[in-house]
Amino acid sequence: MSDKYTQFVSHGLGRDIAKRLGLPQPVVLRRHQPGRPLIDGPVLVQGSTRGADSLAAALLGWNLDVRRHAIPKEKLGAIILVLDELAHPADLEKPVLTAATSLRDLAPNARIITVSRTAASTPEPATAAARQGVDGLLRSLAKELRAGATGNGILLADGAGTTSPGTLGAMQFFLSGRSAFVDGQFLTVSSAAGRLPGDAGKPLAGKVAVVTGAARGIGAAIARTLYRDGATLILVDIPAAGDHLAEVANEVRGTALQLDISRDDAGQRIIEHALTRHGRLDIVIHNAGITRDKLLANMDAARWNAVITVNIAAQLRINEALLASEHLPDAPRIVSVASTSGIAGNRGQTNYAASKAGVIGMVRATAPLIGGRGGSINAVAPGFIETDMTARIPFATREVARRLNSLQQGGRPGDVAEAVAFLASDAAGGISGEVLRVCGQNLVGA
Ligand code: NAI
């Protein structure tokens, strides 16, 4: 599904017309392309703490053009604002207003990334106020940015530092084109677990991953992205989608498993297939999902139950089987696809939103359980994504829905897939129990 409006207003006459009429001016986003640099232009690391110094040194090691002070009028690819030693809200003024002087020098598709500490990890009210202040600051700034620029934050819990694997993994993801449609979001690094990100293109080499609902849409995009990143794939979908499933499986040189995930033995079937065909199972991506929309006043048990069964009950049962299995390797990774409907709610989707909010609750509660095996579990919550499903929405409703975010456009299945692939990688090992929204910073709802 193409967004012709964004193409039209990105250049020359179209851009002038949109500007004159005060219409939305989305730009074509910088997305990941193999061989392209992580970020175009210098990276300004602001902050005078030891954490800022060591982060700047780590980024130099990635061959980035790192600045510790702004050079007036120089176009910047990114500003990283390190705020890891805040003790009082008054401490925000100097670093924040210094960064503000560089905002007009941001290049198109630039990145702002804050690095600060979680408010929950301090008993001190003034410190908690300062740390929580970063949340409001970053989310507002992200709404002020234009030309495809995004703002996201990394939160350090006790036990994580500015150069922990998860911090550098999240930094690489947020700087890169892989996070093109992630805006106004925070990721918490809860431990120093995981592996430092490399610059190689195959972070999932040697891993065996299963993707449910992989015959089309977002699931097929996830399969392609994990394959690009080096994983060996098992693709699951219902028997009725068998032909499409086989096509995707051929494309990514994986194996197809025709299976309804709501079957009682789905977890065992997946484990058996993985062990017999590939000898191991490292990554599980719960993507399969359905909608049966109705206002609650018109809801029947069949619609309600179908959605709860496929979208959350099946994931719970499969996870139970995985966690009980003796065959899971060290550091298993699970990523579930939730939805912004499960966070903000959506008219006509009480069943769907209950199931997707359920996914978020499940992920948070499962994090300590899988953490005991050195693994992680996270959720990705897509907003408006250009798929066959959203293409069926009537034109006017669709136009409003796709423009109501800070980037003024819909995301692509590949944008969701990039977030999933990052969270499935060992570089995200210190990140668990998190929900990462891929929604361009929806302006309506939470
Ligand atoms: P889709 O309908 O195009 O694809 C879903 C796939 O899951 C289909 O191939 C289907 O056959 C499979 N599936 C359904 N029930 C199954 C079952 N019981 N067992 C095995 N496979 C089953 O959907 P889309 O748009 O690709 O969505 C993928 C995920 O992303 C879903 O969880 C959806 O809720 C979520 N999502 C999608 C958004 C969007 O804008 N498209 C927004 C937010 C979340």
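Everything discussed here concerns the structure shown above.
Residues numbered from 1 in each chain as written. Predicted model: local features only at pLDDT ≥ 70, side-chain atom pairs only at ≥ 80, totals over all residues. Heavy atoms only, no water.

**What to know about helix α15 (residues 413-423)**
Here is step 1 of the chain: The buried count for α15 comes to 10 of 11 residues, which makes it a mostly enclosed element.
Here is step 2 of the chain: Every buried residue of α15 is listed here: Pro413, Asp415, Val416, Ala417, Glu418, Ala419, Val420, Ala421, Phe422 and Leu423. (Buried < 20%, exposed > 50% of the residue type's maximum accessible area, 1.4 Å probe, protein only. Helix = DSSP H or I, 4+ residues; strand = E, 2+ residues; numbered from the N terminus.)

**Focus: the pattern of salt bridges**
Here is step 1 of the chain: All told, the structure shown has 21 salt bridges when counted by the stated rule.
Here is step 2 of the chain: Of the charged contacts in the structure, one is a salt bridge between Asp264 and Arg317, with a shortest N-O distance of 3.7 Å. Note that Asp264 is positioned in the loop between β9 (255-258) and α9 (266-278) and Arg317 in helix α10 (residues 301-324), a separation of 53 residues in sequence.
Here is step 3 of the chain: Through salt bridges with shared partners, one network takes in Arg178, Arg228, Asp229 and Glu418. (Salt bridge = Lys/Arg side-chain N within 4 Å of Asp/Glu carboxyl O.)

**Focus: the site of the ligand**
Here is step 1 of the chain: Around the ligand sit 26 residues, and of these Arg216, Ile218, Asp237, Asn287 and Tyr352 come closest.
Here is step 2 of the chain: Between the ligand and Arg216 there is a distance of 2.7 Å, counted from an oxygen atom to a side-chain nitrogen or oxygen.
Here is step 3 of the chain: A distance of 3.3 Å separates an oxygen atom of the ligand from a polar atom in the backbone of Ile385.
Here is step 4 of the chain: Bound to the protein, the ligand loses 92% of the 830 Å² it would expose on its own.
Here is step 5 of the chain: Elements represented by at least two residues in the shell around the ligand include exactly α7 (217-228), α12 (350-371) and α13 (388-391).
Here is step 6 of the chain: Taken together, the residues of the shell around the ligand sort by class into 14 nonpolar, eight polar and four charged. (Near = heavy atom within 4 Å. Polar contact = N/O pair within 3.5 Å; in protein donor to acceptor, adjacent residues only side chain to side chain. Areas by Shrake-Rupley, 256 points an atom, 1.4 Å probe, with all protein chains shown as cover. Nonpolar A, V, L, I, M, F, W, Y, C, P; charged D, E, K, R; others polar.)

**Quick notes on empty space enclosed by the protein**
Here is step 1 of the chain: The final tally for this structure, using the stated rule, is three cavities of 30 Å³ or more.
Here is step 2 of the chain: In this structure, the largest cavity occupies an estimated 70 Å³ of space.
Here is step 3 of the chain: Along the wall of the largest cavity there are 13 residues; nearest its centre are Gln25, Ala147, Gly148, Ser406 and Leu407.
Here is step 4 of the chain: Residue composition of the lining of the largest cavity, by class: seven nonpolar, five polar and one charged.
Here is step 5 of the chain: There is about 40 Å³ of room inside the second largest cavity.
Here is step 6 of the chain: Every residue lining the second largest cavity is listed: Ile271, Leu275, Leu281, Leu322, Ser325, His327 and Leu328.
Here is step 7 of the chain: Class assignment for the residues of the lining of the second largest cavity results in five nonpolar, two polar and no charged. (1 Å grid on protein atoms, 1.4 Å probe; cavity = no way out; pocket = protein on both sides within 12 Å on 5 of 7 lines; lining within 4 Å. Points joined across faces, edges and corners; volume = space filled by probe spheres on them.)

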